[in-house]
Amino acid sequence: MSTIEQEAAEVDVDKLMQFVFRAVEEVGATLNTALVVMGDRLGLYRAMAGAGPLAPAELAERTGTAERYVREWLNAQAAGGYVSYDPDSGRYLLPPEQAVALTDPDSPAYLPGFFQIALGSVTDSPNIVDAARTGAGFGWHEHVSDVHEGCERFFRPGYNANLVPAWLPALDGVVDKLKRGALVADVGCGHGSSTILMAQRFPNSVFVGSDYHAGSIETARRRAQYDLVTMFDCLHDMGDPVGAARHVHGTLKPDGTWMIVEPMAADRVEGNLNPVGRAYYSFSTLLCTPASLSQEVGLALGAQAGEARIADVVGTAGFTRFRRAAETPFNIVFEARP
């Protein structure tokens with residue numbers, strides 16, 4: 001018997017079919033990413049929130065959409081457990097928990113941005129396939145708008161819920177400085193959610209938000225000396241995070257603070273083999289690693305760098321104090337001092 005025949009004979013058919021049906025579930029989940037974005041953009045979830053059971057025609061009328069599309073969308077949502085379906089009345093209900101997650105932008109559980117950035121990542125995936133053949137990068141600025149807008153919409157609720165009440169107070173003496181009046185650089189600010197949030201809370205301080213394609217690091221170098229430098233979910237995207245860290249070190253006052261917010265991650269791969277790690281490794285493959293590789297040095301820490309690698313970056317840059325100050329299910333907040 002040949003080696004191929006031996007391998008074929010050893011296949012467990014039950015396990016094979018379990019994997020096949022798992023794959024079917026995965027494909028459904030992938031397609032549902034587009035359907036959630038569709039429901040968000042068309043206002044379908046918002047129209048269902050608190051409205052009680054609705055027939056497809058009623059939902060279509062409320063949202064100014066075509067009933068036949070709405071009916072099919074509702075059936076897909078019901079099959080995935082996003083809405084419930086009553087076969088006797090033929091009506092669909094958005095449960096209150098899903099309503100919070102899908103329609104309340106002030107809730108830390110708000111999810112449409114998460115789906116939007118995922119959809120944008122998949123849309124751009126052919127570019128990453130091409131880059132993977134050569135090892136080239138693909139810059140953050142080169143992605144479709146769903147990546148940029150979805151990123152901001154996903155992270156903003158977490159920042160709103162945690163930045164002022166939990167993360168900043170976890171840093172030694174920082175809140176007092178901000179109340180008195182400090183100079184703050186928010187490097188990699190994107191659309192500015194974190195910068196604006198801090199500026200609204202601490203009117204005596206001055207906040208400078210910058211992003212990488214506008215020369216953020218050079219700007220930070222020119223604007224010495226800072227009481228606080230913040231980086232929200234962006235250090236691992238940088239081509240030269242050690243160089244960036246050195247720049248931060250050089251712009252901080254002797255008693256200044258660098259707050260680094262990074263995705264939740266363990267130091268070893270096996271510690272990240274969970275749903276959150278899976279999502280972040282996927283985003284890292286399609287967004288973070290290509291972004292870093294598109295820049296000089298191209299260290300490509302990846303979204304699951306973990307505390308030990310971040311500590312190494314910080315220590316190599318000359319910081320003498322580093323600690324984990326706070327965490328959520330999705331983020332770790334580090335404090336670095338000169």
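This is a predicted model, so every value here is computed, not measured.

## Examining the overall build of the chain
Tallying secondary structure elements over the chain gives 15 helices and eight strands in all. C-alpha atoms of the chain, sized along the principal axes, occupy 70 × 65 × 30 Å. When burial is assessed residue by residue, the chain has 46% of its 338 residues classed as buried. The contacts in the chain between residues at least 6 apart in sequence include a share of 66% that link residues at least 24 apart. Surface exposure of the chain reaches about 16,600 Å², of which carbon and sulfur atoms provide 56%.

## Remarks on the pattern of salt bridges
Under the definition given, this model contains 16 salt bridges. Lys177 is paired through a salt bridge with Asp255; the nearest N and O atoms lie 3.4 Å apart. A residue pair is termed long-range when its members are at least 10 positions apart, and Lys177 in helix 10 (residues 174-180) and Asp255 in strand 6 (residues 252-263) qualify at 78 residues.

## So, the nonpolar core
Counting residues in hydrophobic clusters, the biggest one holds 35 residues, and the most contacted among them are Leu163, Trp167, Leu168, Leu178, Leu228, Phe232 and Met259. Those elements giving two or more residues to this core turn out to be helix 7 (112-123), helix 9 (145-167), helix 10, helix 11 (193-201), strand 5 (226-232), strand 6, helix 14 (275-293) and strand 7 (321-327). Considering every element that reaches this core, the biggest residue donor is helix 9, with seven residues. Core analysis: the second largest hydrophobic core is formed by 27 residues, Leu235, Leu301, Val314 and Ile332 among them.

## Observations regarding unusual backbone geometry
In this structure, Asp233 takes a positive phi of about 50° despite not being glycine. Given a relative accessible area of 8%, Asp233 falls into the buried group. Despite not being glycine, Val297 shows a phi value in the positive range, around 75°. Tracing the backbone through its elements, the reader meets Val297 in the loop between helix 14 and helix 15 (307-316).

Each value, and the rule that gives it
Residues numbered from 1 in each chain as written. Predicted model: local features only at pLDDT ≥ 70, side-chain atom pairs only at ≥ 80, totals over all residues. Heavy atoms only, no water. Helix = DSSP H or I, 4+ residues; strand = E, 2+ residues; numbered from the N terminus. Buried < 20%, exposed > 50% of the residue type's maximum accessible area, 1.4 Å probe, protein only. Contact = heavy atoms within 4.5 Å. Areas by Shrake-Rupley, 256 points an atom, 1.4 Å probe, with all protein chains shown as cover. Salt bridge = Lys/Arg side-chain N within 4 Å of Asp/Glu carboxyl O. Core = buried A, V, L, I, M, F, W, Y, C linked by side-chain atoms within 4.5 Å.

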